[in-house]
Amino acid sequence: MNTKFSETEIKEIEKVSKKLRREILEMIHNAKSGHPGGSLSCIDILNVLYTKCMKHYPECEKNPDYKNRDRFILSKGHASAALYAVLSHCGYFKEDELMTFRKFGSRLQGHPCCNKLNGIEVSTGSLGQGLSIGCGMALGLRLDNIKSKVYVYMGDGELEEGNVWEAAMNASHNKLNNLIAFVDRNRLQIDGSTEKVKSIGNINEKFKAFGWNTLEIDGHNINEIYEAIEQAKQSDKPVVIIANTIKGKGISFMENNPNWHGKAPNDEELKLALQELK
Amino acid sequence: MTREYKSVRSAYGNTLKELGRENKNIVVLDADLSCSTQTQIFAKEFPDRFFNAGIAEQDLMTTAAGLACTGKIPFVSTFAIFASGRAWEQIRNTICYSNLNVKIAATHGGITVGEDGASHQALEDISLMRSIPNMTVIVPADEKETIQAVKYAASVYGPVYIRIARTNLPDIFDSSYKFNINKAVIMQKGTDISLISNGETLVETMDCAKILSEKGINAEIINVPVVKPIDSDTIISSAKKTNRVFTIENHSVIGGLGSAVCEVLSENYPVKITRIGINDQFGQSGTAKELMNYYGLSAEKLTEKIMGQLKNDTTAKCIQKI
């Protein structure tokens, strides 16, 4: 793969990822609940997508080009802390609001709610539905001859939902080359290894069999993420980027540990975690 | 009296076509039942705006949600059992929680699905749809009311569920009828009992009232096409007048129109209510007519049931007439 970013640029992007990771952990610690594991596994991709690849407008409807924006759906809505951190970084809202995450009266609901917060295209949280919603958006944009892309971010455990495969058929049947899906392949779900709970097997081959183009990357390698997204934009078919990631990435004691799927760090754990993100 | 029976499903398909001509944002989705639901009428004229999800109702509903996110007005059709059952959580969590502009026009509700039997007879759809916030629920009783309900749904923002009958229905309303989302319709004024119905059972209720009047019982008939938001005022006024209410519906007695009326009256003006519908059981194969009769929803069976109830009811105002 050709390297797109220089080392200095990569350092800058990784610096942002670190800041976002700190915010994710502080939000979840402050809320005393949330999903650190899956938020940390997807944050590098969300960072590159929102800051380098996607056409979007934090001022929303005030921008005359708003209807031409790319769409993003966080189908694995439990990684909301990651999305909020990125949205805030991009200027959708001020960073101090992050500390309202999961609190009573907050716009930052436990799972994303589109009627409370600008920048959320559709409410998610119940797994398996995002890819079909993405198909509908892709169809709607095509009807209006809008050349934007629709990005759908799924978890790997989420692929156990039948709705995902209904959508996979829908996308290839309708030749939705404006649809780009991600699978956050961190190999863990609440009850343990995805292969133990219900083996997903070869995701690449499965999507290929459904008529998709597929790309496989290291979901924490900035250049690989960027290259894959840029390549996906040129796809003649719906395309899935299978991102091999590490659940809890960046925090040694959270990495690859399913116990951190939906648990908040206590004061001491937060302190230790933040030291690793200096 | 001979009645002219009309296909409300064809009326639905033709109305979609008409709406499609007026508004390019109208799109239609189906799940391999477009010949039954009659969305094929729209599909023939607007193939680019018709999407067949195949036999995949969860994808059907969530794709419609995505289309709505881009400003389209999706009408989604399949049988009521699959629309409301198979995809309930998609409707709840994606369409209604996001408050998306999706219109679900489900055909084949109730026992009158007939020969296909219990697996295809949705007896719970109104209950399932009524309990979701942001959802409007409409059960039209004839062709004119169906057409107006569909046009109403297209004209307002937000999720709407419309139950389109499988059976052909006789004209009940004349050309002056105006569907009103906020108003139930007093079909006949009366003083002894209130008969509250909608959809396919409305005509049976009207015929039942005729038989009752021959027996000296003066029934008030109220049509409640909009089960949610329900017109409480009309129902309360009628209960105040008659003091005895019967609800009649082609649906389980749990959670549908009968329950909605009970909720209104128990909180505002408690009177004795008898819910007539399918009594917490599955249906079976048979003609629509046979099943309506067997499950007590034909005019004759309704009359028997109501007379039987009134005989033993010392609180009913008309007890002396029986």
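Note that the structure is predicted; figures quoted are calculated from it, not measured.

*Asks:* I tried to follow the overall build of chain A on my own but got confused; where do I start?
*Replies:* A tally of regular secondary structure across chain A gives nine helices and seven strands. The C-alpha atoms of chain A give 18 Å as radius of gyration, which agrees with the globular expectation for 278 residues (19 Å, within 12%). Burial status across chain A gives 59% buried among its 278 residues. Pairs at least 24 residues apart make up 75% of the contacts formed inside chain A by residues separated by at least 6 positions. As displayed, chain A offers around 11,300 Å² of accessible surface, 46% of which is attributable to carbon and sulfur atoms.

*Asks:* Even after reading the chapter, I still don't get empty space enclosed by the protein, so can you show me in this structure?
*Replies:* One way to see where empty space is left: roll a probe the size of a water molecule over the atoms. All names here are of chain A. The final tally for this structure, using the stated rule, is five cavities of 30 Å³ or more. Size it by volume and the largest cavity reaches roughly 70 Å³. Lining the largest cavity are 13 residues, and of these His56, Arg69, Asp70, Tyr92 and Glu121 lie nearest its centre. Across the lining of the largest cavity, the residue classes tally to seven nonpolar, two polar and four charged.

*Asks:* Honestly, the layout of surface pockets in this entry has me stumped. Any pointers?
*Replies:* Approximately 450 Å³ is the volume found for the largest pocket. Around the largest pocket sit 21 residues that line it, and Glu61, Tyr66, Arg69 and Glu121 of chain A together with Cys69 of chain B are the ones nearest its centre. Among the residues making up the lining of the largest pocket, the classes are represented as 10 nonpolar, seven polar and four charged. In this structure, the second largest pocket spans a volume of roughly 350 Å³. In terms of lining, the second largest pocket is formed by 18 residues, of which the most central are Tyr5, Val203, Glu204, Lys289 and Met292 of chain B. Elements that contribute at least two residues to the lining of the second largest pocket include exactly β8 (168-170), α9 (201-214), α12 (288-294) and α13 (299-311) of chain B. Considering only residue class, the lining of the second largest pocket consists of seven nonpolar, five polar and six charged.

*Asks:* Help me understand the packing of helix α4 (residues 130-143) of chain A against helix α4 (residues 57-69) of chain B, please; the structure alone is not making it clear to me.
*Replies:* Where α4 of chain A contacts α4 of chain B, the axes come no closer than 6 Å and their chain directions differ by 45°. Here α4 of chain A lies oblique to α4 of chain B, going by the angle between them. Crossing hand, α4 of chain A versus α4 of chain B: right-handed. Here Ser132, Ile133, Cys135, Gly136, Met137, Leu139 and Gly140 of chain A of α4 of chain A come into contact with α4 of chain B, specifically with Asp59, Thr62, Thr63, Gly66, Leu67 and Cys69 of chain B.

*Asks:* Would you take a moment to explain the packing of helix α1 (residues 8-22) of chain B against helix α8 (residues 143-155) of chain B for this structure?
*Replies:* Packed helix pairs are characterised by how far apart their axes lie and by the angle those axes make with each other. Residues and elements named next belong to chain B. Following both chains from N to C, one finds α1 and α8 inclined at 35°, their axes separated by 9 Å at the closest point. Crossing hand, α1 versus α8: right-handed. Here Val8, Ala11, Tyr12, Thr15, Glu18 and Leu19 of α1 come into contact with α8, specifically with Glu143, Thr146, Ile147, Val150, Lys151 and Ala154. Residue composition of the contact of α1 with α8, grouped by class: seven nonpolar, two polar and three charged.

*Asks:* Teacher, can you tell me more about the sheet that holds strand β2 (residues 150-155) of chain A here?
*Replies:* Backbone hydrogen bonds hold the strands of a sheet together, and the pairing may be parallel or antiparallel. All names here are of chain A. If you walk across this open sheet you meet the five strands as β1-β2-β3-β7-β6, and the pairing is parallel. Two strands in the sheet have a free side with no partner beyond their single neighbour: β1 (71-74) and β6 (213-218). Sheet twist, expressed as the mean angle between neighbouring strand axes with direction ignored, is 20°. In terms of strand pairing, strand β3 (residues 179-185) meets strand β7 (residues 239-244) through six bridges, oriented parallel.

*Asks:* Even after reading the chapter, I still don't get unusual backbone geometry, so can you show me in this structure?
*Replies:* Across the chain, the bulk of peptide bonds are trans and the bulk of non-glycine residues have phi less than zero. Between Lys228 of chain B and the following residue, Pro229 of chain B, the backbone shows a cis peptide bond with an omega angle of 0°. The residue Pro229 of chain B is located in the loop between β12 (226-228) and α10 (232-242) in this model. The backbone phi angle of Lys32 of chain A is positive, close to 60°, even though this residue is not glycine. Looking at where Lys32 of chain A falls in the secondary structure, it is placed in the loop between α1 (7-31) and α2 (36-53). Classification of Lys32 of chain A by relative accessible area gives exposed; the value is 70%. Positive phi outside glycine occurs at Lys175 of chain A, with the angle close to 50°. Relative to the helices and strands, Lys175 of chain A resides in the loop between α5 (162-173) and β3. Exposure remark for Lys175 of chain A: the relative accessible area of 60% places this residue in the exposed category.

*Asks:* Mind showing me how you'd approach the interface of chain A and chain B here?
*Replies:* Frequently, the measure chosen for interface size is the accessible area removed from exposure when the parts meet. Taken together, the 23 residues of chain A in the interface contact 24 residues of chain B. In terms of surface lost to chain B, no three residues of chain A exceed Gln129, Leu143 and Glu166 of chain A, which account for 27% of the buried area on that side. Between the two partners, chain A and chain B, sit one salt bridge. Among the salt bridges present, the one from Asp144 of chain A reaches Lys72 of chain B, with a minimum N-O distance of 2.6 Å. Connecting chain A to chain B are 14 residue pairs in polar contact (both at pLDDT 80 or more). For the side of chain A that touches chain B, the secondary-structure elements that each account for two or more residues are α4 and α5 of chain A. If one sorts the elements of the side of chain A that touches chain B by residue count, α4 of chain A sits on top with nine residues.

*Asks:* Looking at this structure, I do not really get the environment of Leu29 of chain B. What am I missing?
*Replies:* Residues and elements named next belong to chain B. Mapped onto the fold, Leu29 is located in strand β2 (residues 26-30). Through-space distance from the C-alpha of Leu29 to that of Gly54 is 9.7 Å; in sequence the pair is 25 residues apart. Filtering out sequence-adjacent residues up to four positions away, Leu29 remains in contact with Phe51, Leu60, Thr63, Ala64, Leu67, Pro74, Phe75, Val76 and Ser77.

*Asks:* Is there a simple way to think about the domain arrangement of chain B in this case?
*Replies:* All names here are of chain B. Taken domain by domain, chain B holds domain 1 (5-170) and domain 2 (185-312). One C-alpha centre belongs to domain 1, the other to domain 2; they are set 26 Å apart. Taken together, the contact pairs 33 residues of domain 1 with 33 residues of domain 2. Summing both sides of the interface, domain 1 and domain 2 together bury roughly 2,300 Å²; the carbon and sulfur share of this comes to 57%. The tally of links from domain 1 across to domain 2 stands at one salt bridge. Taking the shortest distance from any N to any O, the salt bridge between Arg130 and Glu263 comes out at 2.9 Å. Here domain 1 is connected to domain 2 by 23 residue pairs in polar contact (both at pLDDT 80 or more). The leading source of residues in the side of domain 1 that touches domain 2 is helix α7 (residues 125-130), at four residues. Split by residue class, the side of domain 1 that touches domain 2 holds 15 nonpolar, 10 polar and eight charged.

How each quantity is defined
- Residues numbered from 1 in each chain as written.
- Chains lettered and ligands numbered in written order.
- Predicted model: local features only at pLDDT ≥ 70, side-chain atom pairs only at ≥ 80, totals over all residues.
- Heavy atoms only, no water.
- Helix = DSSP H or I, 4+ residues; strand = E, 2+ residues; numbered from the N terminus.
- Rg over C-alpha atoms; globule rule 2.2 N^0.38 Å.
- Buried < 20%, exposed > 50% of the residue type's maximum accessible area, 1.4 Å probe, protein only.
- Contact = heavy atoms within 4.5 Å.
- Areas by Shrake-Rupley, 256 points an atom, 1.4 Å probe, with all protein chains shown as cover.
- 1 Å grid on protein atoms, 1.4 Å probe; cavity = no way out; pocket = protein on both sides within 12 Å on 5 of 7 lines; lining within 4 Å.
- Points joined across faces, edges and corners; volume = space filled by probe spheres on them.
- Nonpolar A, V, L, I, M, F, W, Y, C, P; charged D, E, K, R; others polar.
- Axes fitted to C-alpha atoms, helices over the stretch in contact; angles between N-to-C directions.
- Parallel < 35°, antiparallel > 145°, perpendicular 65-115°, else oblique.
- Left-handed = near helix turned anticlockwise from the far one by under 90°.
- Pairing = 2+ DSSP bridges.
- Buried area = accessible area lost by both parts, 1.4 Å probe.
- Salt bridge = Lys/Arg side-chain N within 4 Å of Asp/Glu carboxyl O.
- Polar contact = N/O pair within 3.5 Å; in protein donor to acceptor, adjacent residues only side chain to side chain.
- Domains from an automatic or database assignment.

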